[in-house]
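Single-letter residue listing:
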Amino acid sequence: MQKTALVPYAHLPRAHHDHHVLTSTVDVSGTAHWLLTERAPQPGGDVQPSDALVVSVHPDGNVELTELSAVRARWPHLDRLPDGGFVVAASRASRHEDANQVQVFDMLGRETSSFSVGDAIEHLLVDEAGHIWVGHFDENPAGIRRWSTTGRLTWTSDGARIPGLFDCYALNVSGTTAWACPYTDFPLVEIRPERPDRPVRVWANRVRGAKAVAVHGERVAFYGGYREERDRLAHGELTETSVEPTDIGLLTLPEGPAPGRRWVVGRGSRIYVLAEPYTVWGVFDLSG
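Reference entry: report on the structure contained in this document.

Scoring rules and cut-offs
The residue numbers shown here count from 1 along each chain, following its written sequence. Thresholds applied to this predicted model are a pLDDT of at least 70 for local features of residues and 80 or more for the giving and counting of side-chain atom pairs; totals over whole chains, interfaces and linings are not thresholded and use all residues. Where side-chain values are given, they derive from all heavy atoms of the structure, hydrogens and water being excluded. Three labels apply to residues, based on accessible area from a 1.4 Å probe with only protein chains included: buried if under 20% of the type maximum, exposed if over 50%, partly exposed otherwise in between. Numbered from the N terminus, helices here are DSSP runs of H or I no shorter than four residues, and strands are runs of E no shorter than two. Strands pair, by our definition, only if DSSP identifies at least two bridges between them. Note on contacts: a residue pair is in contact if any heavy atoms of the two residues lie within 4.5 Å. Distance and chemistry together define a polar contact, namely a pair of N or O atoms within 3.5 Å, with one atom able to donate a hydrogen and the other to accept it when in protein, and with adjacent residues in sequence counting only for side-chain atoms on both sides. Here, nonpolar core means buried Ala, Val, Leu, Ile, Met, Phe, Trp, Tyr and Cys residues that are tied together by side-chain atoms lying within 4.5 Å of each other. In summary, the pairing rule links any two rings of Phe, Tyr or Trp, Trp by its six-membered ring, whose centres are within 6.5 Å, and it sorts them by plane angle into stacked for under 30 degrees, edge-to-face for over 60 and tilted for everything else. For a ring to carry a charge above it, either NZ of a lysine or CZ of an arginine must fall within 6 Å of the ring centroid while also lying within 35 degrees of the normal to the ring plane.

### Side note on the pairing of strand 8 (residues 86–90)
Within strand 8, 5 of the 5 residues are buried, which leaves the element mostly enclosed by the surrounding structure. Of the two faces of strand 8, the one carrying F86, V88 and A90 and the one carrying V87 and A89 are both buried. Alignment of strand 7 (residues 76–80) against strand 8, held across 5 bridges, turns out to be antiparallel. Among the inter-strand pairings, L78 is bridged to a residue of strand 8, identified as V88. The hairpin formed by strand 7 and strand 8 contains 5 residues between the paired strands, and G84 there has a positive phi angle of roughly 95 degrees. Pairing of strand 8 with strand 9 (residues 102–105), which is carried by 4 bridges, proceeds in the antiparallel orientation. Paired with V87 across the bridge in strand 9 is V104.

Okay, here's the thing in structure tokens:
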């Protein structure tokens, strides 16, 4: 089986390796961000607000530091907004109406608003227009939704006729377009809310359990799967109604081994992978 090695993409500066990585992501412009605290959060009990540091590594290698005041999430999602601010969201909400779940920070790290998007966040990705896309896992069958930075719901998958949408396994946001591959039927879904004639397109797909998807023209790649297919990289081509498989291989770290525990982010033609100890992002680019 053919192996494809990730290409090293962004490194957390060594000066910050003694901090705890709460979460990390790669934004729509290709900048990598790490959300750091001095120590790991303690399990159980209420979360006390604490300051956190965002270390941003731009594609040109420049490093930017932003201190965020009074972050409340224990297990957060993070992304950057077009105005230089950040959004931080707790993956779990104590109530669906928890107004403190999502925090929006300005470029100086000050909280400007907070709101709820619902429990069980699997993915949170900001697009180039500043829309916040949220995909949920199966403890909240809300599907896929898009929010403004003030908490206004601007698009929902309700009524979109996405077959088997119960758990958003994979979500890719690039430009202002979202791609998804949801459980239980695992179709490939393209979402363009600003396209009035056909905001959602669906392709039948036989690849099961992928955790990330990349799309380039008529080509698509799915990363991940169940059990022994955890490191699978499956390629396909789009027809009018389905994804036709072309080949299957493995995605590895640059040094050769499988990534092990990791976080993944899909952005257009790229799949970014951050393996434990979460200091080096690698990238697979379908357009390369």
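### Digging into the environment of S113
Along the chain, the position of S113 falls in strand 10 (residues 111–115). Put simply, S113 and V102 are 11 residues apart on the chain and 8.3 Å apart in space, counted from C-alpha to C-alpha. Among residues more than four places away in sequence, those in contact with S113 are V102, Q103, V104 and T149. A polar atom in the side chain of S113 sits 3.2 Å from the backbone oxygen of T149.

### Re the nonpolar core
Of all hydrophobic cores here, the largest spans 31 residues; its most connected members are W34, W133, I144, L171, I191 and W281. Counting only elements with at least two residues in this core, the list comes to strand 3 (20–26), strand 4 (32–37), strand 5 (50–57), strand 15 (167–174), strand 16 (177–183), strand 17 (188–191), strand 24 (270–275) and strand 25 (280–285). Formed by 16 residues, the second largest nonpolar core is a distinct cluster that contains Y169, C181, F222 and A234.

### Let's talk about the side chain of H136
Relative to the helices and strands, H136 resides in strand 12 (residues 132–136). One polar contact links the side chain of H136 to the main-chain carbonyl oxygen of V117, over a distance of 3.5 Å. Ignoring any residue separated from it by four or fewer positions in sequence, one finds H136 in contact with V117, G118, D119, A120, I121, E122, A142, G143, R145, D167 and C168.

### A closer look at the packing of aromatic side chains
Following the criterion strictly, the structure yields 10 aromatic pairs and no others. When the ring of Y169 is compared with that of Y226, the centres are 6.2 Å apart and the planes differ by 70 degrees; the resulting orientation is edge-to-face. Here Y169, found in strand 15, pairs with Y226, found in the loop between strand 20 (219–223) and strand 21 (232–238); they are 57 residues apart in sequence, far enough to count as distant. Judged by relative accessible area, which is 33%, Y226 ranks as partly exposed. One Lys or Arg, K211, reaches over the ring of Y169 and ends 4.0 Å from the middle of that ring.

### Looking at the side chain of D106
Residue placement: D106 occurs in the loop between strand 9 and strand 10. Residue classification places D106 among the buried positions, given a relative accessible area of 17%. A distance of 2.9 Å separates a polar atom in the side chain of D106 from a polar atom in the side chain of R110. Aside from chain neighbours lying at most four places away, what touches D106 is G85 and T112.

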